[in-house]
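# Structure at a glance
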Amino acid sequence: MEFYEVVNRRTSVRRYKSERPSREQIERILEAAHQAPSACNRQPWRFIVVESGEMLAKVRKAYDREWLTTAPVVIVAVGNHAECWHRAADGKDHCDVDLAIAAEHLALAAANEGLGSCWICNFDRQQLSEILSLTADEEPIVMLPIGYADEPLKPHTRKAANEIISFV
Ligand SMILES: Cc1cc2nc3c(=O)[nH]c(=O)nc-3n(C[C@H](O)[C@H](O)[C@H](O)COP(=O)(O)O)c2cc1C
């Protein structure tokens, strides 16, 4: 798919068909995150693919929405605050930045595979960390359900370009 078409096809999908993406599709999507850039190339991340019925049911408890029960696969992008780069001048932790880039690589790769996804950050962090047995340094940053969309493709609604872009 052409890159700008992929960008436009990546919209938040909140209803999925029961058909599972293939293992090859999921592996290609994960490889897109594997190749993502990160500050100082620290790669402070892990990607947990939740695909068994039992684990999907547990993970859904951390974000209790009916639509999420339709997702056949959920990838949880986990950041590590001990591994990520902290800016020397002010100590700023770049975990969120790195994980956001990697998660969007996942979402764009999913769109390129003809699959839908949806960023989820409004989950119960404590609950999800416990379910996934994360360490004290780790934080689940994004839950990304992936599957074939069972709803029409929605056009983006965005501010006008001239409101947000300036050439100086
Ligand atoms: C950082 C971030 C967090 C988000 N968290 C959630 C969420 O918890 N639940 C949800 O349904 N959508 C969530 N979204 C999806 C946004 O609502 C969505 O991207 C936005 O409305 C634009 O729509 P689009 O993705 O279809 O272009 C999140 C998106 C981002 C980037």
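The numbers attached to residues start from 1 for each chain and follow its sequence in the written order. In keeping with the model being predicted, local features are shown solely for residues with a pLDDT of at least 70 and side-chain atom pairs are shown and tallied solely at 80 or more, while totals for entire chains, interfaces and linings include all residues.

Turning our attention to the overall build of the protein chain. What the protein chain contains, in helices and strands, is 6 helices and 4 strands. Secondary structure elements are defined from DSSP: runs of H or I of at least 4 residues count as helices, runs of E of at least 2 residues count as strands, and each element is numbered from the N terminus. When the helices and strands of the protein chain are placed in sequence order, the string is α-α-β-α-β-α-β-α-β-α. C-alpha atoms define the radius of gyration, and 2.2 Å times the number of residues to the power 0.38 defines the globule rule. In terms of C-alpha radius of gyration, the protein chain reaches 17 Å, essentially the compact-globule figure of 15 Å for 168 residues. Dimensions of the protein chain, computed from C-alpha atoms along their principal axes, come out at roughly 50 × 45 × 30 Å. Burial is judged by counting other C-beta atoms within 10 Å of a residue's own C-beta: 20 or more means buried, 12 or fewer means exposed, and anything between counts as partly exposed, with every C-beta placed from the backbone. Burial analysis of the protein chain (168 residues in total) assigns 31% to the buried set. Nonlocal contacts in the protein chain, meaning residues at least 24 apart in sequence, comprise 80% of its contacts between residues at least 6 apart. Any pair of residues counts as being in contact when their C-beta atoms, constructed from backbone geometry, are within 7 Å of one another.

Along the chain, the position of Met1 falls in the segment before α1 (3-9). Of the residues examined, Met1 has 13 C-beta atoms within 10 Å and is grouped as partly exposed. Along the primary structure Met1 and Gly114 are separated by 113 residues, whereas in three dimensions their C-alpha atoms are 9.1 Å apart. Setting aside residues up to four positions removed in sequence, Met1 forms contacts with Val6 and Asn112.

With that settled, the discussion passes to the site of the ligand. Using a C-beta atom placed from the backbone, a residue is described as near a molecule or strand when that atom lies within 6 Å of it. Every residue near the ligand is listed here: Thr11, Ser12, Cys118, Trp119, Ile120, Cys121, Asn122, Lys154 and His156. Three classes are used: nonpolar for Ala, Val, Leu, Ile, Met, Phe, Trp, Tyr, Cys and Pro, charged for Asp, Glu, Lys and Arg, and polar for all others, with Gly counted as polar. Residue composition of the shell around the ligand, by class: 4 nonpolar, 4 polar and 1 charged.

Within strand β4 (residues 138-147), 9 of the 10 residues are buried, leaving the element largely enclosed by the surrounding structure. For two strands to count as paired, DSSP must find a minimum of two bridges between them. Summarising the sheet, strand β3 (residues 116-117) and β4 pair through 2 bridges and their orientation is antiparallel. Bridge pairing in β4 links Ser117 to Ile146.

Time to look at the packing of helix α2 (residues 23-34) against helix α4 (residues 95-112). Closest axis-to-axis distance for the α2/α4 pair is 8 Å, and the angle between their directions is 145°. Classified by chirality, the crossing of α4 by α2 is right-handed. Listed contacts from α4 to Arg28, Ile29, Ala32 and Ala33 of α2 are Ala102, His105, Leu106, Ala109 and Ala110. Here the residues of the contact of α2 with α4 sort into 7 nonpolar, 1 polar and 1 charged. Where helices are involved, their axes are fitted lines through C-alpha atoms of the stretch in contact, as for all axes, and angles between N-to-C directions lie from 0 to 180°. Put simply, a crossing is left-handed when the front helix is turned counterclockwise from the back one by less than a right angle, and right-handed when it is turned clockwise.

What follows concerns the nonpolar core. Ranked by internal contacts, the top residues of the largest apolar core, which has 37 residues, are Val74, Ala77, Ala103, Leu106 and Leu144. When residues of this core are traced back to their parent elements, those giving at least two are α2, β1 (45-50), β2 (73-80), α4 and β4. Remark: nonpolar core denotes a set of buried Ala, Val, Leu, Ile, Met, Phe, Trp, Tyr and Cys residues whose joining runs through C-beta atoms within 7 Å.

The next thing to look at is α2. Residues spaced three or four apart along an α-helix face the same direction, because each turn holds 3.6 residues. Its 12 residues give α2 an end-to-end C-alpha distance of 16 Å, which sits within 8% of 16 Å, the value for a rise of 1.5 Å per residue. Turning to α2, its buried residues are Ile26, Ile29 and Ala33. Down the axis of α2, the sector holding all buried residues measures 65°, keeping them to one side. Opposite the packed face of α2, turned more than 90 degrees from it, sit the exposed residues Glu24, Glu27 and Glu31. Expected span of a helix, by definition, is 1.5 Å for each gap between consecutive residues, and there is one gap fewer than residues. Working definition: the arc comes from the directions between the helix axis and the C-beta atoms, pointing outward to the latter.

All we've got here are geometric facts, nothing functional implied.
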